[in-house]
Amino acid sequence: MLSTFAFGSNGAGQLGLGHREDVNTPTPCVFHHVPPSHNFVPKAIAAGGNHTLLLTELGEVYATGDNTSGQCCIDPATSTSFTIFHAVQPPPNGGRWKAISAGWAFSILIADNDQIYAAGQGSKGELGVGQSVTSCRTLTLLPGVPLEGRRILQISSCVAHTVVTLDDGELWGWGAGRKGQLGQPNDVSVASPRRIKVGFQVRNALCGRDFTFCIDESGSQHVVLGANRYGLPSDASATAELAGYLEIGVSWGGVYVLKADGSIAAWGRDDHGQVTPIKQLFGLGRCTQMAIGSEHGLAVVESTEHRMRLVAWGWGEHGNCGPSEGTGLLDVRIPTVSIVHIGAGCATSWIFVN
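Residues numbered from 1 in each chain as written. Predicted model: local features only at pLDDT ≥ 70, side-chain atom pairs only at ≥ 80, totals over all residues. Heavy atoms only, no water.

Teacher, can you tell me more about unusual backbone geometry here?
When glycine is set aside, most residues are seen to have a negative phi, and most peptide bonds are trans. In this chain, Gln 184 is followed by Pro 185 through a cis amide linkage whose omega measures 0°. Positionally, Pro 185 belongs in the loop between strand 13 (171-176) and strand 14 (189-196). In this model, Cys 73 sits at a positive phi of 65°, which is unusual for a non-glycine residue. Note on placement: Cys 73 falls in the loop between strand 5 (61-66) and strand 6 (81-87). Among the residues examined, Cys 73 registers a relative accessible area of 6% and is labelled buried. (Helix = DSSP H or I, 4+ residues; strand = E, 2+ residues; numbered from the N terminus. Buried < 20%, exposed > 50% of the residue type's maximum accessible area, 1.4 Å probe, protein only.)

I keep staring at the packing of aromatic side chains and nothing clicks. Help me out?
What describes a pair of aromatic rings is the distance from one ring centre to the other and the angle between the planes of the rings. In total, this model carries 6 aromatic pairs according to the counting rule given. Taking the centre distance of 5.6 Å and the plane angle of 90° together, the rings of Phe 31 and Tyr 62 count as edge-to-face. One end of the pair, Phe 31, is in the loop between strand 2 (23-28) and strand 3 (42-47); the other, Tyr 62, is in strand 5, and 31 residues separate them in sequence. In this structure, Phe 31 and Tyr 62 share a single accessibility class: buried. Measuring from centroid to centroid gives 6.2 Å for Phe 85 and Trp 350, while their planes differ by 65°, and the two rings are edge-to-face. Placement of Phe 85 in strand 6 and of Trp 350 in strand 26 (residues 348-353) is noted, with a sequence separation of 265 residues between them. (Phe/Tyr/Trp six-rings, centres within 6.5 Å; stacked < 30°, edge-to-face > 60°.)

It is not clear to me how the pattern of salt bridges should be interpreted in this structure. Could you clarify?
Where charged atoms of side chains with opposite charge meet at close range, the side chains can pair. Applying the stated criterion across every chain yields a total of 11 salt bridges. Close ionic contact of Glu 170 with Arg 195 constitutes a salt bridge, the shortest N to O distance being 3.5 Å. With Glu 170 in the loop between strand 12 (161-166) and strand 13 and Arg 195 in strand 14, the pair connects residues that are 25 residues apart, well separated along the chain. In this structure Glu 170 comes out as buried when scored by relative accessible area, which is 15%. Ionic pairing is found between Asp 271 and Arg 269, a salt bridge with its closest N-O pair at 2.8 Å. Each member of the salt-bridge network shares a partner with another, and the members are Arg 150, Asp 168, Glu 170 and Arg 195. (Salt bridge = Lys/Arg side-chain N within 4 Å of Asp/Glu carboxyl O.)

What's the story with the nonpolar core in this structure? I'm lost.
Ile 116, Val 164, Leu 171 and Cys 214 are the most contacted members of the largest nonpolar core, which has 34 residues in total. When contributions to this core are tallied by element, the ones reaching two or more residues are strand 8 (106-111), strand 9 (116-121), strand 11 (152-157), strand 12, strand 13, strand 14 and strand 15 (204-207). Judged by nonpolar contacts, the second largest core, of 29 residues, contains Leu 17, Val 23, Val 34 and Val 300. (Core = buried A, V, L, I, M, F, W, Y, C linked by side-chain atoms within 4.5 Å.)

I would appreciate a short explanation of the pairing of strand 1 (residues 3-8) in the present structure.
Burial within strand 1 is extensive, with 5 of its 6 residues counted as buried. Strand direction decides the pairing type here: strand 1 and strand 2, joined by 3 bridges, are antiparallel. Within strand 2, the position partnered with Gly 8 by the bridge is Val 23. (Pairing = 2+ DSSP bridges.)

How do you make sense of the state of the cysteines when you look at a structure like this?
Each disulfide consists of a covalent bond between the sulfur atoms of two cysteine residues. Under the criterion given, the structure shown has 0 disulfides. Considering cysteine sulfurs only, Cys 207 is the nearest to Cys 158, which forms no disulfide, with 6.8 Å between them. The cysteine Cys 346 is free of any disulfide, with Cys 158 supplying the nearest cysteine sulfur at 7.0 Å. (Disulfide = S-S within 2.5 Å.)

It is not clear to me how the sheet that holds strand 19 (residues 254-258) should be interpreted in this structure. Could you clarify?
Each strand in a sheet pairs with its neighbour through backbone hydrogen bonds, running either in the same direction (parallel) or in the opposite one (antiparallel). Here 3 strands make up an open sheet; going across it, the order is 18-19-20 and the pairing antiparallel. Edge positions in the sheet fall to strand 18 (247-250) and strand 20 (264-268), since each of these pairs with one other strand and no more. Direction aside, neighbouring strands of the sheet carry axes that sit 10° apart on average. With 5 bridges connecting them, strand 19 and strand 20 associate as antiparallel partners. What sits directly across from Val 257, in strand 20, is Ala 265. (Axes fitted to C-alpha atoms, helices over the stretch in contact; angles between N-to-C directions.)

Got a minute to help me understand the sheet that holds strand 6 in this structure?
Judged by pairing direction, the sheet is antiparallel, and its 4 strands sit side by side in the order 3-4-5-6 without closing on themselves. The open sheet is flanked by strand 3 and strand 6, the only strands paired with a single partner. In this sheet, neighbouring strand axes are inclined to one another by 10° on average, regardless of whether the strands run parallel or antiparallel. Both strand 3 and strand 4 (residues 51-56) contribute to a ladder of 5 bridges, which runs antiparallel.

Explain the side chain of Ser 251 here, please?
Its location among the elements puts Ser 251 in the loop between strand 18 and strand 19. Under the relative-accessibility criterion, Ser 251 is labelled buried at 3%. Within the structure, Ser 251 has its side chain in polar contact with the backbone nitrogen of Gly 253 (distance 3.2 Å). Of the polar contacts made by the side chain of Ser 251, one reaches the backbone nitrogen of Gly 254; its length is 2.8 Å. Setting aside its immediate chain neighbours within four residues, Ser 251 contacts Gly 208, Arg 209, Phe 211, Tyr 256, Ile 292, Gly 293 and Ser 294. (Polar contact = N/O pair within 3.5 Å; in protein donor to acceptor, adjacent residues only side chain to side chain. Contact = heavy atoms within 4.5 Å.)

Rendered as structure tokens:
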């Protein structure tokens, strides 16, 4: 069984620590009615504005934090707020959950049969269930993407929009679209899934605050759809070859690509050290994992002596970069050197260790 640690913003209990105080050191998370013998292996973390979802390898979902609008995928009649992780019901078809994402006050879950469910609140089509629906207090089935035998490979949400990538390279999305983050036309509200024309087969697509970053499987083609802020679209076209990339991440205003050589290519907003410190990473060793939050990042770096260290950078006002302050790379003390997975959200940070 893996252990889950969190640190950062916790005013709504979104870290799942049993209280609502911010913490700046990795602190064990608490789960409601999960026996020690349970094969609990975290697979993914999705953080909204003040709530968090956690997906396990067994296809279970747990949630904590603000649940005023049902964004924890649990009926708010049960509770409008949680300070520890509670289990979310399985899909109605009796299967398992395979993917999760979270926006500011909403959550999107995908079942193993590729049906899409939404819960929470959104006035710009964030729920994807139709123009007249701005609130789903419990999990609600979307009209859906016309899969026609295809599968959903990936889902991503940010503050107010969501995109899903299909196994044939098509991209679909819904939510806020005024800045062009959902392609053209740039409608203020896209209330149900529509196809986004990109110009190439998309393998990975992630949502920033007002943009969507898309890249193909090889890394030879990539594009930023949406707001031309912080040099995002222009710098994307000038970025060095990303062939053989290992992982991508986006913040509210930046793009990060973990390359095959263990370095990270990044561009975008940098007023709180969100980009510049990354240039120092390669001097420490090879980056093996990264996690990008709203305005900060985490990376696991393996030195030439094969020692693992966790570093953070960016805007850490809530303790999400650890107890140290500054705009450079910051070391984060961890309870063990065996880091299995890391995650980052809205001023929140996550570590999964053996």
